[in-house]
Amino acid sequence: MKKIGTKCFLAAILGMLAVNLGGCMSKNNKLISYMEERYGKTFTYIGETNGTFGSKAFTARLSCPDDPEAEILASWLERDGTEYYADNYMAVRYHEETYEKLEEAVGRVFSEYRLIFATPDVLLTIEDPGAYSLEDYMDDPLACKTVYIITQEELDEEVFQALAGSFTDSGISVKGLAAQAPEGEETAGITEDNVDEFLAGKDRVCAQVNFRLEHGTLISENWR
């Protein structure tokens, strides 16, 4: 009896795993089909970033040969029988051009600075991606473009207002942090991987402002 019970238990576990694997494959295929139909490009499934057994929501990591270095995120959600999709492909597509626009805006205020802008992992639901231009993306507050600006030049309220005005003139909605490092502080080695660690150093920042700018309006401005 014990052997039969053990076999039944193992069969049940294997059955659950098979159902779960089948469900994952189904969701993966749905995501791939959605992305390829939406953007007219080829996407490959890399892995899942979240989601649990029986979950009706998950986010997957994808790759695309047109952007081989980028990790693309796409999500699937089922609620009340309706499926919803979102992705960050437009952020990947426009990242390089947006970085250039950010550099132009910051460069009108500071002559020497370190600009860090990683590809946003915020997932967007865009009704018509074909009509969603670079200008639309830069002005979109939902895109949540997080920018770090590190400079050794003076940073005060007047300078910050000039920076906000420069972003506004460029049509950029941005969530940002600007910091003044002490003269002589080494900033060349700051990257998106260690910028938070750098800013956490008590003696590495003379002034710092966290801000959020949407459609030319300062939503928040917090100094440290």
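### Brief notes about the overall build of the protein
Then, number 1: Each helix and strand in the protein was counted, giving six helices and nine strands.
Then, number 2: Counting all 224 residues of the protein, 37% fall into the buried class.
Then, number 3: Excluding contacts between residues fewer than 6 apart, the proportion of contacts in the protein whose partners are at least 24 apart in sequence is 61%.

### A few points about the side chain of T187
Then, number 1: The topology assignment puts T187 in the loop between strand 7 (174-180) and helix 6 (195-200).
Then, number 2: In this structure T187 comes out as buried when scored by relative accessible area, which is 17%.
Then, number 3: In this structure T187 touches R114, I150, Q152, A181 and F198, once residues within four positions along its chain are discounted.

### Concerning helix 5 (residues 157-169)
Given 3.6 residues to a turn, an α-helix orients residues that are three or four positions apart in the same direction.
Then, number 1: The terminal C-alpha atoms of helix 5, which comprises 13 residues, lie 18 Å apart, in line with the 18 Å expected from a rise of 1.5 Å per residue.
Then, number 2: Where the residues of helix 5 are buried, they touch helix 3 (95-107), strand 6 (146-151), strand 7, strand 8 (207-214) and strand 9 (217-223).
Then, number 3: N-capping of helix 5 is provided by D156, with a side-chain oxygen placed 3.3 Å from the backbone N of E158.
Then, number 4: Backbone geometry just after helix 5 places G171 at a positive phi near 70°.

### What to know about the sheet that holds strand 7
Then, number 1: In space, the five strands of this open sheet follow the order 5-6-7-8-9, with mixed pairing throughout. Edge strands, defined here as strands with exactly one partner in the open sheet, are strand 5 (114-116) and strand 9. Neighbour-to-neighbour, the strand axes of this sheet turn through a mean angle of 15°, independent of strand direction.
Then, number 2: Pairing analysis gives three bridges linking strand 5 to strand 6, with the strands arranged antiparallel. Bridge pairing links I116 to Y148 in strand 6.
Then, number 3: Contacts between helix 3 and the sheet are confined to strand 5 and strand 6, with strand 5 contributing the most and set at about 145° to the helix.
Then, number 4: Across the sheet, helix 5 touches strand 6, strand 7, strand 8 and strand 9, and the angle it forms with strand 9 is around 150°.

### What about the nonpolar core?
Then, number 1: Ranked by size, the top nonpolar core spans 45 residues in total, and within it M35, F43, L62, I72, Y89, I149 and F167 carry the most contacts.
Then, number 2: Residue contributions to this core peak at five residues, all from helix 1 (residues 2-39).
Then, number 3: Contact partners of L62, with chain neighbours within four places excluded, come to I32, M35, F43, T44, Y45, I46, A70, E71, I72 and A74.
Then, number 4: Of all hydrophobic cores here, the second largest spans 11 residues; its members include I150, L177, V195 and L199.

### Things to note about the confidence of the model for the protein
Then, number 1: Scored by pLDDT, the protein has a mean of 87; 86% of the residues are at 70 or more.
Then, number 2: Mean pLDDT values for the elements of the protein range from 61 in helix 1 up to 98 in helix 5.
Then, number 3: For residues 7-23, every residue scores under 50 in pLDDT, and the model assigns this stretch three contacts once sequence neighbours within four places are set aside.

### As for unusual backbone geometry
Then, number 1: Unusually for a residue other than glycine, D80 sits at a positive phi of about 55°.
Then, number 2: The backbone phi angle of C144 is positive, close to 50°, even though this residue is not glycine.
Then, number 3: The topology assignment puts C144 in the loop between helix 4 (134-139) and strand 6.

### Notes on the pairing of strand 4 (residues 82-87)
Then, number 1: Bridge count for strand 3 (residues 67-79) against strand 4 is six bridges, and the pairing is antiparallel. Paired with W76 across the bridge in strand 4 is Y85.

About the cut-offs
Every residue gets a number counted from 1 within its own chain, in the order that chain's sequence is written. In keeping with the model being predicted, local features are shown solely for residues with a pLDDT of at least 70 and side-chain atom pairs are shown and tallied solely at 80 or more, while totals for entire chains, interfaces and linings include all residues. The basis for every side-chain value is the complete set of heavy atoms in the structure, and neither hydrogens nor water enter the calculation. A run of DSSP states H or I qualifies as a helix once it reaches four residues; a run of E qualifies as a strand once it reaches two. Both are numbered from the N-terminal end. For each residue, the accessible area found with a 1.4 Å probe, counting protein chains only, is set against the maximum for its type, and the residue is called buried under 20%, exposed over 50%, and partly exposed in between. A contact between two residues is defined here by any heavy atoms of the two lying within 4.5 Å. Expected span of a helix: the number of residues minus one, times 1.5 Å. Counted as a polar contact is a pair of N or O atoms within 3.5 Å, where, for protein atoms, one must be capable of donating a hydrogen and the other of accepting one, and residues adjacent in sequence contribute only when both atoms are in side chains. In this description, strands pair whenever DSSP reports at least two bridges between them. Axis geometry follows a simple rule: fit a line to the C-alpha atoms, using only the stretch in contact for helices, then measure angles between N-to-C directions, giving values from 0 to 180 degrees. Here, the term nonpolar core denotes a set of buried Ala, Val, Leu, Ile, Met, Phe, Trp, Tyr and Cys residues that are joined through side-chain atoms within 4.5 Å. Scored between 0 and 100, pLDDT is the confidence that the predictor attaches to each residue.

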